[in-house]
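Chains, contacts and geometry: an overview
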8 protein chains.
Amino acid sequence: MDEAVKRFRMEPFEDIGIARVDSHRAVRNGVAEVIYGAGKTAEQIVAIANKMRENGQKTILITRLDAEKAEAVRASLPLDYRPDGRLGVIGRLPEPDGLGVVTVITAGTSDIPVAEEAAVTAEVFGNRVKRIYDAGVAGLHRLLANMDDIMSASVIIVIAGMEGALASVVGGLADCPVIAVPTSVGYGASFGGLAALLAMLNSCAGGVSVVNIDNGFGAAYQASLINHVKTREKTRK
Amino acid sequence: MDEAVKRFRMEPFEDIGIARVDSHRAVRNGVAEVIYGAGKTAEQIVAIANKMRENGQKTILITRLDAEKAEAVRASLPLDYRPDGRLGVIGRLPEPDGLGVVTVITAGTSDIPVAEEAAVTAEVFGNRVKRIYDAGVAGLHRLLANMDDIMSASVIIVIAGMEGALASVVGGLADCPVIAVPTSVGYGASFGGLAALLAMLNSCAGGVSVVNIDNGFGAAYQASLINHVKTREKTRK
Amino acid sequence: MDEAVKRFRMEPFEDIGIARVDSHRAVRNGVAEVIYGAGKTAEQIVAIANKMRENGQKTILITRLDAEKAEAVRASLPLDYRPDGRLGVIGRLPEPDGLGVVTVITAGTSDIPVAEEAAVTAEVFGNRVKRIYDAGVAGLHRLLANMDDIMSASVIIVIAGMEGALASVVGGLADCPVIAVPTSVGYGASFGGLAALLAMLNSCAGGVSVVNIDNGFGAAYQASLINHVKTREKTRK
Amino acid sequence: MDEAVKRFRMEPFEDIGIARVDSHRAVRNGVAEVIYGAGKTAEQIVAIANKMRENGQKTILITRLDAEKAEAVRASLPLDYRPDGRLGVIGRLPEPDGLGVVTVITAGTSDIPVAEEAAVTAEVFGNRVKRIYDAGVAGLHRLLANMDDIMSASVIIVIAGMEGALASVVGGLADCPVIAVPTSVGYGASFGGLAALLAMLNSCAGGVSVVNIDNGFGAAYQASLINHVKTREKTRK
Amino acid sequence: MDEAVKRFRMEPFEDIGIARVDSHRAVRNGVAEVIYGAGKTAEQIVAIANKMRENGQKTILITRLDAEKAEAVRASLPLDYRPDGRLGVIGRLPEPDGLGVVTVITAGTSDIPVAEEAAVTAEVFGNRVKRIYDAGVAGLHRLLANMDDIMSASVIIVIAGMEGALASVVGGLADCPVIAVPTSVGYGASFGGLAALLAMLNSCAGGVSVVNIDNGFGAAYQASLINHVKTREKTRK
Amino acid sequence: MDEAVKRFRMEPFEDIGIARVDSHRAVRNGVAEVIYGAGKTAEQIVAIANKMRENGQKTILITRLDAEKAEAVRASLPLDYRPDGRLGVIGRLPEPDGLGVVTVITAGTSDIPVAEEAAVTAEVFGNRVKRIYDAGVAGLHRLLANMDDIMSASVIIVIAGMEGALASVVGGLADCPVIAVPTSVGYGASFGGLAALLAMLNSCAGGVSVVNIDNGFGAAYQASLINHVKTREKTRK
Amino acid sequence: MDEAVKRFRMEPFEDIGIARVDSHRAVRNGVAEVIYGAGKTAEQIVAIANKMRENGQKTILITRLDAEKAEAVRASLPLDYRPDGRLGVIGRLPEPDGLGVVTVITAGTSDIPVAEEAAVTAEVFGNRVKRIYDAGVAGLHRLLANMDDIMSASVIIVIAGMEGALASVVGGLADCPVIAVPTSVGYGASFGGLAALLAMLNSCAGGVSVVNIDNGFGAAYQASLINHVKTREKTRK
Amino acid sequence: MDEAVKRFRMEPFEDIGIARVDSHRAVRNGVAEVIYGAGKTAEQIVAIANKMRENGQKTILITRLDAEKAEAVRASLPLDYRPDGRLGVIGRLPEPDGLGVVTVITAGTSDIPVAEEAAVTAEVFGNRVKRIYDAGVAGLHRLLANMDDIMSASVIIVIAGMEGALASVVGGLADCPVIAVPTSVGYGASFGGLAALLAMLNSCAGGVSVVNIDNGFGAAYQASLINHVKTREKTRK
């Protein structure tokens, strides 16, 4: 046990007043560091990002960043803002080094903001990404027209609101892990995404696991871990 | 208004102590009368059925009838018991006189009891019925193999538990009304059928309406009304 | 199976960047095409509508369209805006060709927006529509005064918030299919329409099926399918 | 304040080991004392009842008493057992001394156990009771046939499961207070009486208040207080 | 049955375009007529009120009326606006003619808007009203200081948010019917009044019935029916 | 940090096959060790208890132990079984060494099993315990008769089902911490203790915190920590 | 009983029109008086605070006070405003006189507003406070780095949104009472703090009790009662 | 598209009366076939298993198989029954051919049945499995003692009931994908696993996705897909 605990205790972290900056995660993931933008001022975001850059971080992802704050951050830092997914990227996207392709599929056009959060996040973590949008189960031919992409993916992220049926249908077609993201798209008895969430958790198809409502970032993070299994194996030895 | 109210007031009903026997519904539907078997003793069921037969009713359907009670009823009356759907039929099934075919589709084998309740009920009300069981969305090829039956149906009853995705997929393929029945099949976050119910209510496909969890009878009653639209038109004049 | 799958695969769809335009549904319904207006900009709506018109679509319905956006769309296209139901219609209403009358009944005056969404949608899909508004069960005489319309309808759409009791009462009076629409009208323990939704799902009257809260469009779509059963029969052969 | 507090403090109560026997309530109600039978053994019930009789109590009501326990109590005490409402009565029913009639209406036959709990309780507290059973809103003519009883009641107790619509319909017809009792009769989306409870709380009719699911006793207690307003007025002076 | 149905059918109602004006309720209650102000424009309110006045109605109550709309109504009609309860009164308050006093008790000061809606409504329907505000159970001495008013009331309306415990405590002290009104006062696990609602429905004290969350009007309407039992008896003969 | 982590890492635990026996907790609490009896066989309980005794543990508490299993355990070990709280005690109760008295109050007699679980647990952890049972708020005089015990307690555990109002009332009277335990006593809208749980979380009285439904053990554990504050202070130095 | 009731009755309270000012609580707590700022105008707050100061109160805490109202109050009274916790303090903070340290730990930076409400409240009631912020379980090393503060606390307040796991982890490490405060921080399936609330109620660690969502004040009030056990003991004699 | 659809259509399935046997899944996974045992008789299980063996399937897993049915199946087939996880295995376990180790961690001993369902399923699908049981967060040292296994896993399955905090803690320590399984272990406010489910969905740690309550099989299926990414890559080409 001594070895493990020692390694655990040694990991660095710092305090810059606003929030503790955790360099620990960067050590393990080696690629990009993330700032959760919601609830932080532009000043706080800039301060944290600068600290990260001082520590040698090349790529920084800022999530849940609205357009106005992005404008303010861009005044101080070279920010690439993606309004669809409300994301900002500082630094270059890394070369894709995952095992295969992460495919992102949405049921409707209203699910695209969550999908873009997932797709850009996956790119920031070094994954090649394929987007298939507006392929809901009410028009099955749209989905089947993308059968080759579904069969060749390493991981699939399925993003759907309303009844969330797309996760089960894709789960039945694909032979790779499916990460399902329920969205709050819908009204009435969708209860803010609850209907889609429950549907996805009860999926009759194997190989489907679920993240929180609208959590495109979390799905991409999980997909990236899966898509880098081989890389991690190597690093470990 | 006078005419309508008079007609309404005139309709007959009787009291036989246990429960008021409503001959009113038979007048309007003209085919079969129904006894809801749950919570009634075999003696009560026999008494009510006899009263109905005295009033000239040819076909009587008893729903939610367990095997033991069925045995007891059969001692007094010529009962055709269908254990799969927990239904008893007294009298002959009428000749099918609906506009087309009522197709009953289930997602899994565990949904069959609800499906049989629906299928036999539809037959009792004078409908031709086509059964397609165990065609859930995780094995889409099973469903597509039945594409011709789906395209030629007048009404489709979709029966599914767990995530209830089948309703949306069939709703997207068919061009006739779909009546969706969520079932309590599942565990954990299916919450006794709630997940399937919410999914069906939020269906992204048009032409899907929903009845209560496990309510195979209600779905068939609605399907039969739809499948007899033309007949009713004639009766009315 | 070959035949069915081929037909299914052949159906056309196109991609115009914003959203895939599905001409598939039009082929099957033959009457009108629908644009879901919520979450789309006026520019997107105009682009999609123009594409539809190029494909020969005569009548286009835009749902969930607020007044401001309607104004902007009207600058480019001949839009007939119906503020009560937040609907826009491009092109002429088709001649009613359904089997009978679709009757729309509301419990209160606050349910009228949902009712108008249903009524105009039904008209756009080729149905004759009868409106009976503000006939809730607390004033039963109002409802009974419309007994003739209830008895002569082919399909009835019942729209009610609060306790949703109107669906059961109409279901008990009518002998045609009833499509029930719970509305979010109410406060406190109505929980955004949940009380009415549950009540309608538990209706003790036969022949009642339910759509999502406030989903006037969905109810009308289902009612139209029912009211065109005969027409469809013919088309099929 | 002195007077009120003194009176409040003086009220007697005793401890007989099993449970404190509250003679306080008897002082105020003057008629009958109640033992809640669920969770008590026959021996405990007998002990408490004997203590009450020693204190001069003439009529004792035991609620939620199953048949087996009733048998055991009857070995020691002169018990009049009513299996329909699972109630036992010790001593004579008092002469009705309320202002008018308490009318008990149920939607279906399955609601009768709750209705009998209410009806007998009301009788034990000195009320004349009128029973109207199986008059649900799906058969409105049954209800209207009892219009005279509805119009002449002093208080009405409406008992209904499933969608609970009867409370609103009766509330709209009657001009006296309506106490609504949701029952757990139903399945699926009735969620153990929740659907009926929410419906009754959202009643669009005035003059409807609600008690707990299956709480026939509570409804009768409230109805009896209302029906004795005048009597209480006199006692007070 | 003929008599009852005839009387029922004869009752007048009119249509003035905006909403059917129901003179029916006025016939039965004989005192005041009510306009539900939420969702109506000032113009609609004025039109309805004028129609009522033409029909001879002396007192009109407008509920859920915000200050701005009240201003606009006052331009056309002699409106007495009560901002605390968001109520408007047209015409004089009637002389109290109920059996006794309706006492309105609140747990906190935040419950006062609902309490004022109840209190003024009760006055409009001819009841003498006693107000006891801010007497929650965390300061029991405040409540006990009002013991005399509690003991001499004919009906008590208890209004409380948060945990709603006041209903049970008052129910245990009083010997008259208690109408409990849960309010949406609270945060977090009060879930918009759900906590208080459930608590009141589960009250361990007898004689407590419940209306919808924040429904001060409904509680007062029920209390007024109770407080006029004797009067109604007379009217009926 | 070194010191703390070392102490933390050093703490002993053992594996005896069935479940790891944690001697760690005993080190910190110094008094008694607990075995959660539910889901363990009598053999497993005996094995774990023997291991604890070998480690020098003097007093062992077994919770959620039904009578049958208790009988089997008593065959091997000197067990003092308390059927009311379904608890078994091995070894002597320690001398009370807490700062003051832990008072346990229940609303009704049905809450006693949870109360006894709490009371005996508190005794096992070295607290003097005062029991006040059946003192619900519907009979406030019962509660006020125990005012001296309430005012002199160091910690009070309030145990109530149904509407759970007792927690707020006691919280308003007492000046010490109150630990509230909702129980599953009740029916219908108590939803298995949810009503009481929500009520207690929303308590308007200060100094009330809440544990899980029916968790008498957890309340007593917390109360004991509070009642030993002084002792712990000393131990620490 | 006489003594207790007399003391209870004697406690003073006054009415100043807006709200009854309760001097009762001050008598018992002896330190500070609290005004709940939400829903009160600045004028009302000033009036109440002045009344309290006339009664001799040295320190007054105003909770849920937004910046704008604070500005207005400061015009009349010497207010120390703490924007992080939305609190205002009038008068000096008392010298800490509790037994030990109240430690406040948050999972994330978004939980800080609730934490500051708790921390300042604890200081106002005479407690020494230690703050450990942003120490969520996803970075366990951050928490373990504060092991000494955790082990030496008298009471710990754990504040966490999302999954609320921090309460269990701290509960497992500490040997003093833990008061857990779920926060509404999160989105989607956090359902406004419900996820954290349920997690904390189900904590597998002993010694954890829970207050309402976002109720930093309530947690601090409870913690202060616990931290003053000894002091209260003395006062009592 | 032609190629994809053809492959999809070609996949074989058969009908053996009881349930369609899907050989499709075996083609894709290449290892084992699964029979869901719940709701099937021993005869049905034997018939399906025999059909699979005729088709050349070497290893068959039967889930949710109780001891009695297992006994009956063993009469006809060489069944290796694992009572802890209620699983039966026919045929030999395959040689592990995954990328690394699948580690299964439970919070308590009551979670072991779900864990064994997961562990044996993973073995049947060709994975090396490491079990770490009873390592809940209340005893963090137990978890940290297994730090090496956590750091070297390819995929981790975390199984926890009650508050489900273990998923977040492991998610924060590990650098591989975590599949979280909430269990129905708990009582009261665990609401059958809902508390753990919500906690896991809201996990503050990255790389955690969730399956249905008690779904050990589904977690293992997903973990196996992840652990075979490399193998699948090869197969595909």
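Residues numbered from 1 in each chain as written. Chains lettered and ligands numbered in written order. Predicted model: local features only at pLDDT ≥ 70, side-chain atom pairs only at ≥ 80, totals over all residues. Heavy atoms only, no water.

Examining the packing of aromatic side chains
Using the criterion set out here, one finds 16 aromatic pairs over all chains in the structure. Taking 6.1 Å as the distance between ring centres and 45 degrees as the angle between the ring planes, the aromatic pair formed by phenylalanine 217 of chain B and tyrosine 221 of chain B counts as tilted. Separated by four residues within a single helix, phenylalanine 217 of chain B and tyrosine 221 of chain B lie in helix α10 (residues 216–227), roughly one turn from each other. Taking the relative accessible area as the measure of exposure, tyrosine 221 of chain B reaches 10% and is therefore buried. Among the aromatic residues, those joined into a cluster by ring pairs are Phe125, Phe217 and Tyr221 of chain A. Arginine 64 of chain A extends its terminal NZ or CZ atom over the ring of tyrosine 187 of chain G, reaching a point 4.4 Å from the ring centre. (Phe/Tyr/Trp six-rings, centres within 6.5 Å; stacked < 30°, edge-to-face > 60°. Helix = DSSP H or I, 4+ residues; strand = E, 2+ residues; numbered from the N terminus. Buried < 20%, exposed > 50% of the residue type's maximum accessible area, 1.4 Å probe, protein only. Lys NZ or Arg CZ within 6 Å of the ring centre and 35° of its normal.)

Things to note about the domain arrangement of chain A
Size of an interface: often given as the accessible area lost when the parts come together. Residue and element names in this part refer to chain A. Domain parsing of chain A yields domain 1 (2–92) and domain 2 (101–227). Residue-level contacts link 14 residues of domain 1 with 12 residues of domain 2. Summed over both sides, the interface between domain 1 and domain 2 buries roughly 1,100 Å², with carbon and sulfur atoms accounting for 66% of that surface. Between domain 1 and domain 2 we count one salt bridge in total. (Domains from an automatic or database assignment. Contact = heavy atoms within 4.5 Å. Buried area = accessible area lost by both parts, 1.4 Å probe. Salt bridge = Lys/Arg side-chain N within 4 Å of Asp/Glu carboxyl O.)

Description of helix α9 (residues 194–201) of chain C
Of all eight residues that make up α9 of chain C, seven are buried, and the element is covered over most of its length. Of the positions making up α9 of chain C, those classed as buried are Ala195, Ala196, Leu197, Leu198, Ala199, Met200 and Leu201 of chain C.

Some thoughts on the side chain of threonine 121 of chain B
All names here are of chain B. With respect to the helices and strands, the residue threonine 121 is situated in helix α5 (residues 112–124). Here glutamate 117 takes part through its backbone oxygen, which lies 2.6 Å from a polar atom of the side chain of threonine 121. With residues near it in sequence (within four places) discarded, threonine 121 still touches Leu61, Leu87, Glu116, Phe217 and Ala220. (Polar contact = N/O pair within 3.5 Å; in protein donor to acceptor, adjacent residues only side chain to side chain.)

Quick word on the sheet that holds strand β4 (residues 59–63) of chain B
Residues and elements named next belong to chain B. Within the open sheet, the four strands sit side by side as β3-β4-β6-β5. Their pairing is mixed. A strand with exactly one partner marks an edge of an open sheet, and here the two such strands are β3 (32–36) and β5 (79–82). Direction aside, the axes of adjacent strands within the sheet are offset by 20 degrees on average. Where β3 lies against β4, five bridges are found, and the strand directions are parallel. Each bridged residue has a counterpart across the sheet, and for valine 34 the counterpart in β4 is leucine 61. Contacts between α5 and the sheet are confined to β3, β4, β5 and β6 (87–90), with β6 contributing the most and set at about 15 degrees to the helix. (Pairing = 2+ DSSP bridges. Axes fitted to C-alpha atoms, helices over the stretch in contact; angles between N-to-C directions.)

Brief notes about the sheet that holds strand β3 (residues 32–36) of chain C
Residues and elements named next belong to chain C. Spatially, four strands are ordered β3-β4-β6-β5 in an open sheet, and the strand pairing comes out mixed. Each edge of the open sheet is held by one strand with a lone partner, namely β3 and β5 (79–82). When strand polarity is set aside, the average angle formed by the axes of neighbouring strands in this sheet is 20 degrees. Bridging between strand β4 (residues 59–63) and strand β6 (residues 87–90) involves three bridges; their strand directions are antiparallel. Looking at β6, one finds that isoleucine 60 is bridged to isoleucine 90. In the packing of helix α5 (residues 112–124) onto the sheet, the strands contacted are β3, β4, β5 and β6, and the crossing angle to β6 comes to about 15 degrees.

Here's the deal with the pairing of strand β4 (residues 59–63) of chain A
Residue and element names in this part refer to chain A. Most of β4 sits inside the fold, with five of its five residues counted as buried. Both faces of β4 are covered, namely the face carrying Thr59, Leu61 and Thr63 and the face carrying Ile60 and Ile62. You can see the chain leave strand β3 (residues 32–36), run along helix α3 (residues 42–54) and come back into β4, and the turn it takes is right-handed. (Right-handed = clockwise from strand over helix to strand, strands pointing away.)

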